[in-house]
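One-letter residues, chain by chain:
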Number of protein chains: 2
Amino acid sequence: MKFTLSFTALTTVAAFAPSAFTPKNAGVPASTSSLNMALKDGQTPVVIGVAADSGCGKSTFMRRLTSIFGGDVVGPLGGGFGNGGWETNTLVSDLTTVICLDDYHSNDRNGRKVSGLTALNPLENNFDLMFEQIKALKDGKTISKPIYNHVNGTLDTPETIEPTPIIIFEGLHPMHDERVRDLLDFTLYLDISDEVKLNWKIQRDMEERGHSLESIMASIEARKPDFDAYIDPQKKDSDVIIEVLPTNLDKEDKKTLNVRCIQKDGVVDFSPCYLFDQGSTIEWTPAPTKLSAPAPGLKMAYRSEQYFGRDCQVVEMDGSFDNLQELVYVESALSNTKTKFYGELTQAMLALADAPGSNNGTGLMQTLAAFAIRDIYEKKTAAAKKVKQETTTSA
Amino acid sequence: MKFTLSFTALTTVAAFAPSAFTPKNAGVPASTSSLNMALKDGQTPVVIGVAADSGCGKSTFMRRLTSIFGGDVVGPLGGGFGNGGWETNTLVSDLTTVICLDDYHSNDRNGRKVSGLTALNPLENNFDLMFEQIKALKDGKTISKPIYNHVNGTLDTPETIEPTPIIIFEGLHPMHDERVRDLLDFTLYLDISDEVKLNWKIQRDMEERGHSLESIMASIEARKPDFDAYIDPQKKDSDVIIEVLPTNLDKEDKKTLNVRCIQKDGVVDFSPCYLFDQGSTIEWTPAPTKLSAPAPGLKMAYRSEQYFGRDCQVVEMDGSFDNLQELVYVESALSNTKTKFYGELTQAMLALADAPGSNNGTGLMQTLAAFAIRDIYEKKTAAAKKVKQETTTSA
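Residues numbered from 1 in each chain as written. Chains lettered and ligands numbered in written order. Predicted model: local features only at pLDDT ≥ 70, side-chain atom pairs only at ≥ 80, totals over all residues. Heavy atoms only, no water.

## Considering the overall build of chain A
Piece 1. From N to C terminus, chain A includes 10 helices and 14 strands.
Piece 2. Taken over 395 residues, chain A has a buried fraction of 53%.
Piece 3. Within chain A, contacts between residues separated by at least 24 positions form 68% of all contacts whose residues are at least 6 apart in sequence.
Piece 4. For chain A, the exposed surface amounts to about 16,600 Å²; the carbon and sulfur share of it is 53%. (Helix = DSSP H or I, 4+ residues; strand = E, 2+ residues; numbered from the N terminus. Buried < 20%, exposed > 50% of the residue type's maximum accessible area, 1.4 Å probe, protein only. Contact = heavy atoms within 4.5 Å. Areas by Shrake-Rupley, 256 points an atom, 1.4 Å probe, with all protein chains shown as cover.)

## Some remarks on the packing of aromatic side chains
Piece 1. If you walk through the whole model with that rule in mind, you get 13 aromatic pairs over all chains.
Piece 2. Arranged with centres 5.0 Å apart and planes meeting at 85°, the rings of F276 of chain A and W284 of chain A form a pair that is edge-to-face. W284 of chain A matches F276 of chain A in its accessibility class, with the two residues each being buried.
Piece 3. Measuring from centroid to centroid gives 5.4 Å for W284 of chain A and Y329 of chain A, while their planes differ by 70°, and the two rings are edge-to-face. In this pair, W284 of chain A sits in strand β11 (residues 281-285) while Y329 of chain A sits in helix α8 (residues 327-333), placing the two residues 45 residues apart along the sequence. The burial state of W284 of chain A is the same as that of Y329 of chain A; both residues are buried.
Piece 4. An aromatic cluster of three or more residues is present, and its members are F276, W284 and Y329 of chain A together with F276, W284 and Y329 of chain B. (Phe/Tyr/Trp six-rings, centres within 6.5 Å; stacked < 30°, edge-to-face > 60°.)

## Observations regarding the relation of the copies chain A and chain B
Piece 1. Mapping chain A onto chain B calls for a rotation angle of 180° and an axial translation of 0.0 Å; the resulting RMSD is 0.0 Å. The transformation just described matches what one would write down for a two-fold rotation axis. Taking C-alpha positions as reference, the residue of chain A nearest the rotation axis is E283 of chain A, located at 2.5 Å.
Piece 2. The overlap is high: 100% of the interface residues of chain A also sit at the interface in chain B, so the same surface is used on both sides. (Least-squares fit on C-alpha atoms with pLDDT ≥ 70 in both.)

## Quick notes on the interface of chain A and chain B
Piece 1. Between chain A and chain B, the contact holds 15 residues from the first and 15 residues from the second.
Piece 2. Between chain A and chain B lies a buried interface of about 1,000 Å² when both sides are counted; carbon and sulfur atoms form 48% of it.
Piece 3. Where chain A packs against chain B, one counts two salt bridges.
Piece 4. Here D277 of chain A ties to K290 of chain B by a salt bridge, and the two come within 2.6 Å at their closest N and O atoms.
Piece 5. Counting across the chain A and chain B interface gives 13 residue pairs in polar contact (both at pLDDT 80 or more). (Buried area = accessible area lost by both parts, 1.4 Å probe. Salt bridge = Lys/Arg side-chain N within 4 Å of Asp/Glu carboxyl O. Polar contact = N/O pair within 3.5 Å; in protein donor to acceptor, adjacent residues only side chain to side chain.)

## Examining helix α4 (residues 127-138) of chain B
Residues and elements named next belong to chain B.
Piece 1. When the terminal C-alpha atoms of α4 are compared, their 16 Å separation across 12 residues agrees well with the 16 Å that a helix rising 1.5 Å per residue should span.
Piece 2. Of all the positions in α4, only F127, M130, Q133, I134, A136, L137 and K138 are classed as buried.
Piece 3. In this fold, the buried residues of α4 make contact with β1 (46-51), β3 (96-100), β4 (143-149), β5 (154-161), β6 (166-171) and α5 (178-183).
Piece 4. The backbone nitrogen of D128 has a side-chain oxygen 3.4 Å away, supplied by the residue at the start of α4, namely N126.
Piece 5. Following α4 by one or two positions, G140 adopts a phi angle in the positive range, close to 85°. (Expected span 1.5 Å × (residues − 1).)

## Remarks on the pattern of salt bridges
Piece 1. Applying the stated criterion across every chain yields a total of 62 salt bridges over all chains.
Piece 2. Of the charged contacts in the structure, one is a salt bridge between E378 of chain B and K340 of chain B, with a shortest N-O distance of 2.7 Å. Here E378 of chain B, found in helix α10 (residues 361-394), pairs with K340 of chain B, found in the loop between β14 (334-335) and α9 (344-351); they are 38 residues apart in sequence, far enough to count as distant.
Piece 3. Three or more residues joined by partner-sharing salt bridges are found here, namely E243, R260, R303, E305 and E316 of chain A.

## Considering the side chain of H173 of chain B
Residue and element names in this part refer to chain B.
Piece 1. Relative to the elements of secondary structure, H173 occurs in the loop between β6 and α5.
Piece 2. Within the structure, the side chain of H173 is placed 2.7 Å from the backbone oxygen of L120, a separation counted as a polar contact.
Piece 3. When neighbours within four sequence positions are excluded, H173 is seen to be in contact with L101, A119, L120, N121, P122, N125, F127, M130, Y230, I231 and Q234.

## Topic: the pairing of β4 of chain B
Residue and element names in this part refer to chain B.
Piece 1. Counted residue by residue, β4 has six buried out of seven residues, so it is predominantly covered.
Piece 2. By the bridge criterion, six bridges tie β4 to β5 in an arrangement that is antiparallel. Across the sheet, I143 pairs through a bridge with I161, a residue of β5. (Pairing = 2+ DSSP bridges.)

## Observations concerning the state of the cysteines
All names here are of chain B.
Piece 1. Evaluated as defined, the whole model comprises zero disulfides over all chains.
Piece 2. Between C273, a cysteine without a disulfide, and C261, which holds the nearest cysteine sulfur, the sulfur-to-sulfur distance is 7.1 Å.
Piece 3. Judged by its relative accessible area of 3%, C273 is buried. (Disulfide = S-S within 2.5 Å.)

## With respect to the domain arrangement of chain A
All names here are of chain A.
Piece 1. Assigned domains within chain A: domain 1 (13-26 + 37-188) and domain 2 (239-380).
Piece 2. At the junction of the two partners, domain 1 supplies 22 residues and domain 2 supplies 27 residues.
Piece 3. Each partner contributes to the roughly 2,300 Å² buried at the junction of domain 1 and domain 2, and carbon and sulfur atoms together form 72% of this total.
Piece 4. Area buried by domain 1 at its contact with domain 2 is led by R64, I68 and F186, which between them contribute 33% of it.
Piece 5. The salt bridge partner of R63 is D354, with a shortest N-O separation of 3.5 Å.
Piece 6. Our enumeration of links across domain 1 and domain 2 arrives at seven residue pairs in polar contact (both at pLDDT 80 or more).
Piece 7. Its residues placed into classes, the side of domain 1 that touches domain 2 shows 14 nonpolar, five polar and three charged. (Domains from an automatic or database assignment. Nonpolar A, V, L, I, M, F, W, Y, C, P; charged D, E, K, R; others polar.)

## Description of the packing of helix α6 (residues 194-208) of chain B against helix α7 (residues 213-231) of chain B
Residue and element names in this part refer to chain B.
Piece 1. At a minimum axis distance of 10 Å, the contact between α6 and α7 shows a crossing angle of 140°. One element, α6, and the other, α7, form an angle in the oblique class. Relative to α7, α6 is oriented so that their crossing is right-handed. Here α6 contributes D194, K197, L198, K201, I202, D205 and M206 to the contact with α7, which in turn contributes L213, I216, M217, I220, K224 and F227.
Piece 2. Looking at the contact of α6 with α7 residue by residue, the classes come out as eight nonpolar, no polar and five charged. (Axes fitted to C-alpha atoms, helices over the stretch in contact; angles between N-to-C directions. Parallel < 35°, antiparallel > 145°, perpendicular 65-115°, else oblique. Left-handed = near helix turned anticlockwise from the far one by under 90°.)

## Concerning the side chain of R112 of chain B
Residues and elements named next belong to chain B.
Piece 1. Structurally, R112 can be placed in helix α3 (residues 109-115).
Piece 2. For the buried R112, no salt bridge is present, and the opposite-charge side chain at shortest range is E124, 5.0 Å distant.
Piece 3. Setting aside anything within four residues of it in sequence, one finds R112 in contact with H105, N107, L117, T118, A119, E124 and Y148. (Lys, Arg positive; Asp, Glu negative; His and termini not counted.)

## Overview of a nonpolar patch on the surface
Piece 1. A surface patch of nonpolar side chains, amounting to about 220 Å² of accessible area, comprises M206, L213 and M217 of chain B.
Piece 2. Relative to the elements of secondary structure, M217 of chain B occurs in helix α7. (Patch = residues over 30% accessible without salt bridge, like charges linked within 9 Å, V, L, I, M, F, W, Y side chains within 5 Å.)

## Focus on the environment of L249 of chain B
Residue and element names in this part refer to chain B.
Piece 1. Counting through the fold element by element, L249 comes out in the loop between β8 (240-246) and β9 (257-264).
Piece 2. Accessibility expressed as a relative area gives 33% for L249, which makes it partly exposed.
Piece 3. Taking the C-alpha atoms as reference points, L249 and E195, 54 residues apart in sequence, are found 16 Å from one another.

## Quick word on unusual backbone geometry
Piece 1. A cis amide bond, omega 5°, links A295 of chain A with the succeeding residue P296 of chain A.
Piece 2. As for its position among the elements, P296 of chain A is in the loop between β11 and β12 (298-307).
Piece 3. With a phi close to 65°, K338 of chain B is a non-glycine residue in the positive phi region.
Piece 4. Of note, K338 of chain B is situated in the loop between β14 and α9.

## Topic: the packing of helix α2 (residues 58-69) of chain A against helix α10 (residues 361-394) of chain A
Axis angle and axis distance: for two packed helices, these are the angle between their axes and the distance between the axes, and together they describe the pair.
Residues and elements named next belong to chain A.
Piece 1. One way to put it is that α2 packs onto α10 with a least axis distance of 9 Å and a crossing angle of 45°. Taken together, α2 and α10 sit at an angle that is classed as oblique. Two packed elements cross with a definite hand, and for α2 against α10 that hand is right-handed. Listed contacts from α10 to T60, F61, R64, L65, I68 and F69 of α2 are G363, Q366, T367, A369, A370, F371, I373, R374 and Y377.
Piece 2. Within the contact of α2 with α10, the residues separate by chemical class into nine nonpolar, four polar and two charged.

Okay, structure coming up:
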């Protein structure tokens, strides 16, 4: 039903390829799909790390990313959408394989009950295997990857994963282990502030599922020490950090979000997106006649900042908008979006109009990150091709 | 010497016509110059009103304006530059005549000593004659205008003024009398805040001329009641108001200026200039690598405001810049500047690089106003020509 809604929105944009995200083969194990595009001779996969806590929008981001890369999707996303019944956590489209790092849990749920450790603890994750398998995939080799069953909490029969041109490693710890981190071509951290996490959990677990505020607070508090110790520190090593904070426009407002896309300078094959004028400092309230926004309004900003001692460029969107079609006006104010034509950013958002965050900065920044990843993939592939051609010519 | 400096700056810009502002005929009464371009058959002069207190930059603005219209200048400006020895206050170039409204003083200096009124008082100005003569010029008739001698404080033998395509009425009261105001095609008010006026007077009269602070304060206080009663109220009737305020960037800084160009919406043949995006609200600190600015820095802004109940668009420049050449970067961020090619705004500033305010918002906003006036002139002339052609065709 979600997809139907998404296509309804899509029909408003003529040029968009309508084949993305048709879940026709959903449920078929990834490795058996003939759609899985093998690596071309000598091609090295581009490997992207995406870190975040569970329930923080990784799944939505994966939908946005795969949508932009196009192609048919086989295999579901992780447990974020409640799709626990699938046999695999791996998502595969024509070009991309998305591997959920929960599959590298050392113990099943019962094992963690014995150890007394959370899944956030590095001791509960097999980084040696993670490293070996990422390395193998980068070398063009097929791997046999464990499957962690989110419904039963069991470790199921491993699945065969063939390398594809793009491989996304998403989960709690993609940048924790230095060996693994060094294999990643580009890294992204989804940083949801404690206040927003609480608001989201209250909305989902209290308002929709009837849990008590006390139990929600207790579950957050229980996770926090390990989260702060093992997950949060990865953001300082990330190339792009998407920060999700409460709005600054109204201190009473608990639902509206201020989303900041922190983009590091000096990352190979990545040039930060900016608003209007590179290197300047800007605060911009779009014209209300061109972009309709509910209270407390919408404000964007762009500036240079230091993030853990590194030069960064930050694009912010505080607030929501009423009509996704009007986002093309915001798109016109952004440069270095890595889109291929004017309006492609808005189209990509419209294609997933039903997805969480499509009316605010979370959707916008995720989509910008997805275009950046496409651009990085294309640059690295073109560079590798050039090297190969030169090698052939000189041989 | 000033002109030499100005041409030195000019050589850095190739396309600029170098003939503007060569004072070769200076001192020759305006009406005797063969360079004075007569009105074409049936042409109606476009009449612009410029209001401000004395010593507030009107003379500089006239230089900027006449420079943009081009052509040779005959006859000096008013007393602002200390050119009191000239026989006339009228400035004439190929297209424009600038009339100083001091020429309509009812009494000479001795007469005002008898009346006990200041020149700011409307009773000391002959609005009937002012109205009659503006009306006559608009009707294409030659007038015999009085001359107020700023050096001697006497009313000298009147001079003959022929109508030119553009006539500027500048002085204390161009918008005071409703009959006069109704004849003006476009109006501008130079609004220098009390604090800035005091700082300027301290700089000129105390630091350069050795006057005491007490005498400066006394002279300001003496003028203030009449200024507030008769001059200041004209700003609410102006199409554009250039507000000059102390900087907001450093409360201790007494020299740096924050200049606001308040542009009314709905003025015939005038569309406000804006920064980046029309109808939005923007604060912009230009990239320091592209525009070098001394402390306390430089910040621009753009927003919609209400000014005496009227919708306005406001462009602000707070702070100064080091290198006028770099202003082209600011120019690239402005739209509706009414320039004819990219860089013309910067060129016009460079042509008068020596003039006061050429390193800050006063020069920028005056130049923007000058381009707006050129645009208004061209639009009104084109419209009149079209009407005439249609009349001829249908006859």
